[in-house]
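# Survey of secondary and tertiary structure
What follows is each chain in one-letter form.
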Amino acid sequence: ADILGLTDRGYIKPGLAADLVVFDPETFRDLATFEQPYHYSTGVKYVFVDGVSVVHEGVPTGALAGRALRKNRTAIDKKSDQ
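Because the structure is predicted, anything quoted here is derived from the model rather than measured.

What counts and how
Residues numbered from 1 in each chain as written. Predicted model: local features only at pLDDT ≥ 70, side-chain atom pairs only at ≥ 80, totals over all residues. Heavy atoms only, no water. Helix = DSSP H or I, 4+ residues; strand = E, 2+ residues; numbered from the N terminus. Buried < 20%, exposed > 50% of the residue type's maximum accessible area, 1.4 Å probe, protein only. Contact = heavy atoms within 4.5 Å. Areas by Shrake-Rupley, 256 points an atom, 1.4 Å probe, with all protein chains shown as cover. Salt bridge = Lys/Arg side-chain N within 4 Å of Asp/Glu carboxyl O. Phe/Tyr/Trp six-rings, centres within 6.5 Å; stacked < 30°, edge-to-face > 60°. Lys NZ or Arg CZ within 6 Å of the ring centre and 35° of its normal.

### Comments concerning the overall build of the protein
For the protein, the count of helices and strands is one helix and four strands. Counting helices and strands in the order they occur from the N terminus, the protein gives β-β-β-β-α. The proportion of buried residues among the 82 residues of the protein is 11%. Look at the contacts in the protein between residues 6 or more apart in sequence, and 27% of them connect residues 24 or more apart. Just so you have it, the protein exposes about 7,000 Å², and 58% of that area is on carbon and sulfur atoms.

What follows is the structure, given as structure tokens:
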């Protein structure tokens, strides 16, 4: 988040947006394939997007949280455009 200039993210602190994943490393597996790309991974217990629970005890909640993020342009980026 720091590298991308996202000042309200990247840390777990009051007032900041939080995206967190809690998973079991023993059972975490990606089941998606090129033929079936929409299979959920196993071992994911909880997912919070912008502080909203979107996966609870391994089951999607149906909540649609968060938003697309764009990199903030820093002074270095702007300087390289010149």
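From this point, things continue past the structure.
### Remarks on the pattern of salt bridges
A full pass over the atoms with the stated rule returns one salt bridge. The salt bridge involving Arg-9 is made with Asp-8; its shortest N-O contact spans 3.6 Å. On the accessibility criterion, Asp-8 (31% relative accessible area) is partly exposed.

### Description of the environment of Gly-66
Summarising the element assignment, Gly-66 is placed in the loop between strand E4 (59-60) and helix H1 (75-81). For the pair formed by Gly-66 and Ala-18, sequence separation is 48 residues and the distance between their alpha carbons is 9.6 Å.

### Quick notes on the packing of aromatic side chains
Each pair of aromatic rings is reported with the distance of its centres and the angle of its planes. Across all of its chains, the model carries one aromatic pair by this definition. With a centroid separation of 5.2 Å and 50 degrees between ring planes, the pair formed by Phe-23 and Phe-28 is classed as tilted. Under the relative-accessibility criterion, Phe-23 is labelled partly exposed at 44%. Directly above the aromatic system of Tyr-11 lies the positively charged group of Lys-13, at a separation of 5.4 Å from the ring centroid.

Scope: geometric values only; no functional claims are made or implied.
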